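Per-entry structural report
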Amino acid sequence: MQSYIDVKYVNLISPYLQQFKKKGDFLWNFRCPYCGDSKKHRTKARGFVFRKKNDLFYKCHNCGVGATLGKLIEYLDLNTHKDYIMERYKTGSDTITPKPEFKFNAPVFNKNKSSKGTKVARSPESIVKELKSISELPHEHPARKLVEQRKLPQNSLKDLFLCPEFYKFTNKLIPNKFPSLDGDHPRLLIPFRDEEGEIFAYQGRSFGNEQPKYLTIKLQDRDKIFGIDRVKKKEHIYVVEGPLDSLFLDNCIAVGGADFNRPLSIDGSLISNEDLTVVFDNEPRNNEICKLIKKTIKSERKICLWPESMEYKDINDMILGGYTKEEIEEIIKENTYQTASATVRFATWRKIND
Ligand SMILES: [Zn+2]
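Residues numbered from 1 in each chain as written. Predicted model: local features only at pLDDT ≥ 70, side-chain atom pairs only at ≥ 80, totals over all residues. Heavy atoms only, no water.

**Considering the nonpolar core**
The tendency in soluble globular proteins is for nonpolar side chains to be buried as a group. The condition is simple: Buried residues of nine kinds, namely Ala, Val, Leu, Ile, Met, Phe, Trp, Tyr and Cys, make up a nonpolar core once their side-chain atoms join them within 4.5 Å. Buried, partly exposed and exposed residues are distinguished by accessible area as a fraction of the type maximum, computed with a 1.4 Å probe on protein chains only: under 20%, between the cut-offs, and over 50%, respectively. Each helix corresponds to a stretch of at least 4 residues labelled H or I by DSSP, and each strand to a stretch of at least 2 residues labelled E; elements are numbered beginning at the N terminus. Pairs of residues are marked as contacts when any of their non-hydrogen atoms sit within 4.5 Å.
Formed by 79 residues in total, the largest nonpolar core has its most connected members in I134, L160, I293, W306 and I315. No other element matches helix α8 (residues 287-298), which puts 5 residues into this core. Not counting residues up to four positions away in its chain, the partners in contact with I293 are F280, I303, L305, F346 and W349. The next biggest cluster of nonpolar side chains, apart from the first, holds 17 residues, and it includes V128, F161, F178 and Y202.

Spelled out as structure tokens, the structure:
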């Protein structure tokens, strides 16, 4: 039973509530903050927080409003709500957490502290050890739930981590990278490891609507390639955009935007154009992606351009849509183009004739 956090927060919001009274073990009563309750009778209180299964809910018997405890807290005080979400992520509360919907300001980066000349204050490994991997979290934990809803392969969960305070965590590695901890929040931490398994960068994916969805932190000045610790350079290599997408396919790495068209070298050896296939997301209307595709075709790399029948925009969505890994790998093979054939196919794929 972990509803002690919920109980704690009921008490924390009590100053916002009039006629607040504890009526039982998991029952509280107060004047409804939504409708204001009876105007005539100042002592009338028809709002209740009560327990259902493991969660606390709010219900008003005057206006009929119903809400999760989280929503009620959010309505009353945004900062308390932020703490509430954070605390539940940290402790692995076994109750349902609604997706955090509070607004965040985009974080301020200390640009001069990035990549080149970055002095990493502590070994990244020692710091990641302080975090819980997703595989260590109970199945009901909201972070694990989110990862499992995305159907990520089970064996990948041990190298994905819950980072309860992303800014604070990053500042331990790069002091003052985030000059303000305002709006700090939990993120899924995805480590980028080198050939030796050392972490040289990491990405934080937000769990809710926090922007940007992905934040990448470089600890060393090298290309942001995800998966080089696992890739077999003697076998054909697939290159996708998203680290999480890469986990679904065999011998697949992920390369971030700007690094996409650079020569790819792994463990000191350059990978030839024949030995790799670039697989972009299926977004013909995305201009940024189309620009990258054009460059890739020019560089004479093999490229997968998805068939028109494919309705999903990335590999993870295809998996969620019911495609198996083998089916996706087959579709990629059948839709791989290079040089002239790629140029022709790209024109139809974009649905333009140029
Ligand atoms: Zn009400």
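**Some details on the packing of helix α1 (residues 4-13) against helix α2 (residues 69-76)**
This is how it is decided: With axes taken as lines fitted to C-alpha atoms, and helix axes fitted only over the stretch in contact, angles between N-to-C directions fall between 0 and 180 degrees. Relative orientations are named as follows: roughly parallel for angles under 35 degrees, roughly antiparallel for angles over 145 degrees, roughly perpendicular for angles from 65 to 115 degrees, and oblique for any other angle. Note on convention: near helix rotated counterclockwise from far helix by under a right angle means a left-handed crossing. Clockwise means right-handed.
Where α1 meets α2, the closest approach of the two axes is 11 Å, and the angle between their N-to-C directions is 25°. Taken as axis vectors, α1 and α2 run roughly parallel relative to one another. The crossing of α1 and α2 is left-handed. Counting all contacts with α1, which are made through D6, Y9, V10 and I13, the residues of α2 involved are L69, L72, I73 and L76.

**Topic: the confidence of the model for the protein**
Threshold: Per-residue confidence from the predictor is reported as pLDDT, which spans 0 to 100.
In the predicted model, the protein carries a mean pLDDT of 86, and the fraction of residues at 70 or more is 90%. Confidence drops under pLDDT 50 across residues 94-105; counting only partners more than four residues distant or on other chains, this segment forms 33 contacts. Within the model, pLDDT remains below 50 along residues 112-117, and this stretch shows 9 contacts once partners closer than five positions in the same chain are excluded.

**Let's talk about the packing of aromatic side chains**
Our working definition: Think of it this way: a Phe, Tyr or Trp ring, Trp meaning its six-membered ring, pairs with another when their centres are within 6.5 Å, and the plane angle makes it stacked under 30 degrees, edge-to-face over 60, tilted otherwise. Here, over-ring charges are defined by two tests on the NZ atom of lysine or the CZ atom of arginine: distance to the ring centre within 6 Å, and angle to the ring normal within 35 degrees.
Tallied over the full model, the rule gives 15 aromatic pairs. Measuring from centroid to centroid gives 5.2 Å for Y9 and Y84, while their planes differ by 65°, and the two rings are edge-to-face. Within this pair, whereas Y9 is found in helix α1, its partner Y84 is found in helix α3 (residues 78-91), the two being separated by 75 residues in sequence. Measuring from ring centre to ring centre gives 5.5 Å for F169 and Y202, while their planes differ by 80°; the resulting arrangement is edge-to-face. Here the residue F169 occupies a position in helix α6 (residues 166-173), and Y202 occupies one in strand β9 (residues 199-206), the gap between them amounting to 33 residues. For the pair formed by F169 and Y202, the shared burial category is buried. The rings of F20, F30, Y34, Y58 and Y75 are connected pair by pair, giving a single aromatic cluster. For the cation-ring pair, K52 lies above F57, with the distance from its terminal atom to the ring centre recorded as 5.4 Å. Note that R187 overlies the ring of F166, its terminal NZ or CZ placed 5.8 Å from the centroid.

**Focus on the environment of D229**
Structurally, D229 is set in the loop between β11 (225-226) and β12 (237-240). Spatially, the C-alpha atoms of D229 and R193 are 5.7 Å apart, while their sequence positions differ by 36 residues.

**Describing α1**
The periodicity of an α-helix, 3.6 residues per turn, causes residues three or four places apart in sequence to face the same way. Defined as follows: Of all possible arcs, the one meant is that of the directions from the helix axis to the C-beta atoms.
Every buried residue of α1 is accounted for by I5, D6, Y9, V10 and I13. Around the axis of α1, the buried residues are gathered within 140° of arc, so they sit on the same side. Residues of α1 that are buried in the fold lie against β2 (27-30), β3 (47-52), β4 (55-60), α2 and α3.

**Details of the pairing of β9**
For a regular strand, side chains alternate in direction, first toward one face of the sheet and then toward the other. Under the convention used in this document: Two strands are said to pair when DSSP picks up at least two bridges between them.
Counting buried residues in β9 gives 8 out of 8 residues, a clear majority hidden from the surface. Both strand β8 (residues 187-193) and β9 contribute to a ladder of 7 bridges, which runs antiparallel. What sits directly across from R187, in β9, is S206. Taking the residues that link successive antiparallel strands as the turn, the β8-β9 hairpin has 5 residues, and the phi of G197 there is positive, at about 90°. Of the strand pairs in this sheet, β9 and strand β10 (residues 214-218) are connected by 5 bridges, and their pairing is antiparallel. Bridged to A201 within β10 is K218.

**Some details on the environment of A201**
Turning to its location among the elements, A201 is positioned in strand β9. Distance from A201 to I190, taken between C-alpha atoms, is 8.8 Å for residues 11 residues apart in sequence. In contact with A201, not counting residues within four places along its chain, are I190, P191, F192, I217, K218 and L219.

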